[in-house]
Amino acid sequence: MENARRNKIAVICYLITIGIITIAYFIEVLKHSKSVPYFVVAALLFWIPGAIIIVFNKLKSDNILLRYMILFGFVIPWGYLLFTATNNLVFTYALVIMIALNAYADRNFALITTFVFNVVNLIGVIMTLVKGGFASNLITTAEIQVLLMLLCGTYNVFIAKTNAILNSGKMHQIEQEKNNTAALLNQIITASENIKSG
């Protein structure tokens with residue numbers, strides 16, 4: 001039940017994110033900044049996994065695989081946008097989905113998420129630098145891009161670990177309260193039986 005609730009939050013955030021990105025790129029087509037074929041490829045790369053995730057979530061809402069489907073369903077089209085971008089700010093889309101995936105409060109998954117996004121980001125930075133001839137303004141932008149992604153990834157892992165600890169503490173407290181209630185109930189039953197036999 002808990003995993004189903006986390007999946008629902010992550011799926012909603014994922015769908016909102018890819019919806020907004022799709023609208024933004026459609027506006028770019030209307031402004032003649034992007035071509036129609038480019039937009040169609042980007043939209044298909046986002047919405048084919050999106051449709052699969054929607055169906056999978058309906059059928060198996062508590063399945064742990066859903067988080068990986070969301071991660072890679074976003075990384076692949078994001079990588080396409082990043083590698084073909086004329087504006088380096090495309091990398092920031094990953095920061096939004098990283099925040100959404102924190103719904104899982106799972107340190108190991110946060111580590112995987114951080115690793116995957118940082119590797120793809122680094123490839124994008126290297127491609128941009130090679131295309132731009134390692135100009136000084138590109139190097140400065142690349143440094144900021146790499147550092148920001150590393151920082152966000154590190155915080156992502158830290159927050160996931162903290163949330164897991166807090167959730168574990170709450171579960172321990174609930175378990176303790178349940179045991180106390182059971183002990184109190186047993187005392188009441190014993191007292192009741194004593195009064196009855198007396």
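Residues numbered from 1 in each chain as written. Predicted model: local features only at pLDDT ≥ 70, side-chain atom pairs only at ≥ 80, totals over all residues. Heavy atoms only, no water.

Asks: Can you lay out the overall build of the protein for me, pointing to particular residues and giving the numbers?
Replies: Scanning the protein from terminus to terminus reveals six helices and zero strands. Ordered by position from the N terminus, the helices and strands of the protein form the series α-α-α-α-α-α. A buried classification covers 34% of the 198 residues belonging to the protein. A fraction of 77% describes how many contacts in the protein between residues 6 or more apart in sequence connect residues 24 or more apart. Of the accessible surface of the protein, which amounts to about 12,000 Å², a share of 71% is contributed by carbon and sulfur atoms. (Helix = DSSP H or I, 4+ residues; strand = E, 2+ residues; numbered from the N terminus. Buried < 20%, exposed > 50% of the residue type's maximum accessible area, 1.4 Å probe, protein only. Contact = heavy atoms within 4.5 Å. Areas by Shrake-Rupley, 256 points an atom, 1.4 Å probe, with all protein chains shown as cover.)

Asks: Outline the packing of aromatic side chains, supporting the account with residue identities and numerical values.
Replies: Scanning the model with the defined rule gives eight aromatic pairs in all. Seen from their ring centres, Trp78 and Phe117 are 5.2 Å apart, and the 75 degrees between their planes marks the pair as edge-to-face. With Trp78 in helix α3 (residues 65–84) and Phe117 in helix α5 (residues 107–132), this pair connects stretches of sequence that are 39 residues apart. Among the aromatic residues, those joined into a ring-pair cluster are Phe46, Phe74, Trp78 and Phe117. It is Lys34 that lies over the ring of Tyr38; its NZ or CZ is 5.0 Å from the centre. Across from the ring centre of Phe109, 5.5 Å away, lies the NZ or CZ of Arg67, which sits over that ring. (Phe/Tyr/Trp six-rings, centres within 6.5 Å; stacked < 30°, edge-to-face > 60°. Lys NZ or Arg CZ within 6 Å of the ring centre and 35° of its normal.)

Asks: Which residues make up the environment of Gly50, and what values do they have?
Replies: In this structure, Gly50 sits in helix α2 (residues 36–59). For Gly50, the contacting residues outside a window of four places in its chain are Tyr14, Leu15 and Ile18.

Asks: Please give an account of the side chain of Thr22 that cites residues and values.
Replies: Position of Thr22 among the secondary structure elements: in helix α1 (residues 2–30). Exposure remark for Thr22: the relative accessible area of 16% places this residue in the buried category. Separated by 2.8 Å, the side chains of Thr22 and Trp47 make a polar contact. Other than its neighbours up to four places away in sequence, Thr22 contacts Phe39, Ala43 and Trp47. (Polar contact = N/O pair within 3.5 Å; in protein donor to acceptor, adjacent residues only side chain to side chain.)

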